[in-house]
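# Structural overview
Here's the letter readout for the chains.
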Amino acid sequence: MVKAWYMDNDKTDPRAEHQRNPPEFISIEELHRKTGVELFKLDLKTYESEGVLEKIKKDRGYTYEDEITISKECLPDYDEKLKSFFTEHLHADEEIRLVTEGSGYFDIRDGLDEWIRIKVTPGDLIIIPRGSYHRFTLDNNNYLRARRLYEDEPGWLTHIRPADDMACRKKYVEQQKRGF
Ligand code: KMT
Ligand code: NI
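Bear in mind that the values here come from a model prediction, so they are computed numbers and not experimental data. (Residues numbered from 1 in each chain as written. Chains lettered and ligands numbered in written order. Predicted model: local features only at pLDDT ≥ 70, side-chain atom pairs only at ≥ 80, totals over all residues.)

## Here's the deal with the UniProt feature "binding site: Ni(2+)" (unreviewed entry) in the protein chain
Filter applied, for reference: UniProt positions are given in the numbering used here, feature names are shortened, and annotations may be inferred rather than shown by experiment. Helix numbering and strand numbering both begin at the N terminus, where a helix is a DSSP run of H or I of at least 4 residues and a strand a DSSP run of E of at least 2. Whether a residue is buried, exposed or partly exposed is read from the other C-beta atoms within 10 Å of its own C-beta, which are placed from the backbone; 20 or more gives buried, 12 or fewer gives exposed, and intermediate counts give partly exposed. By the criterion used throughout, residues are in contact when their C-beta atoms, derived from the backbone, lie within 7 Å.
The UniProt feature table records "binding site: Ni(2+)" (unreviewed entry) at His89, His91, Glu95 and His134. Of the residues just listed, which span 46 residues, no C-alpha pair is farther apart than 11.5 Å, and they cluster in one region. Along the polypeptide, His91 turns up in the loop between strand S5 (89-90) and strand S6 (95-102). Overall, His91 belongs to the partly exposed group, with 19 C-beta atoms counted inside 10 Å. Residues in contact with His91, not counting those within four places in the same chain, are Arg130, Trp156, Leu157, Thr158 and His159. Tracing the backbone through its elements, the reader meets Glu95 in strand S6.

The structure is reproduced here in C-alpha cells:
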C-alpha cells in the first residue's frame, strides 16, 4: 500500500519523512481526488510475464521508455539532478514512473497549495498529471531505480514554478477544482 501524507513546514533535510504532528495520512482515493495522481501496484515477479505493463502502455498510449538509476555512483551530475528534481515544477506531459528498486518521495500540491508527500517503493507505478506542480527526492536510503514511460519520445521539458499561464496548467487547475 502506497502511503501519502500532508507534509510539515520544516525546510531542513528533504530526505526525512516530514510527517505532521500528529500525522495526517491520506488515502489513495483522496489523493486522486485532490491531485489527480494515479497509482498502480505491480507484482515485480510476474508483471512482465503477465503483460501487465504492456497493457497499461497500450491502453494509455505510452510508446517510449527508458530507465533511471538514482544513486551517487550511477547518475551523472547526481547533485545537480537531485536539486532540479526537488525544485517545484510542472510538465506538459504526464510523468510516469515504475519503481523497480529502492524508494523515494514524490511531493505534489493539493488545491490549497499544501504539499502532499507520496512514498514510492518497488512495484509502485505512479502517474503525475500534466500541469501539476510537483517535485521528487530520494529518502534516507539514497537509492531508487525506475522505468520511465512516455507518450512519445521524451521531448519532455521541465517548467519551474511559476508556470501558471501554460494551457496544461490552466486545465489542471480546472480539473482540480472539480475533484478529477
Ligand atoms: C523528474 O523528472 O522529476 C524525475 O524524473 C524524478 C525522478 S524519477 C523517479
Ligand atoms: Ni517532474
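## What to know about the nonpolar core
For clarity, the threshold we go by: A set of buried residues qualifies as a nonpolar core if it consists of Ala, Val, Leu, Ile, Met, Phe, Trp, Tyr and Cys joined through C-beta atoms within 7 Å.
Formed by 19 residues in total, the largest nonpolar core has its most connected members in Val37, Phe106, Ile108, Ile118 and Ile126. Elements represented by at least two residues in this core include exactly S6, strand S7 (104-109), strand S8 (115-120), strand S9 (124-128), strand S10 (134-138) and strand S11 (144-150). In contact with Ile108, not counting residues within four places along its chain, are Thr35, Val37, Ile116, Ile118, Ile128, Ser132 and His134.

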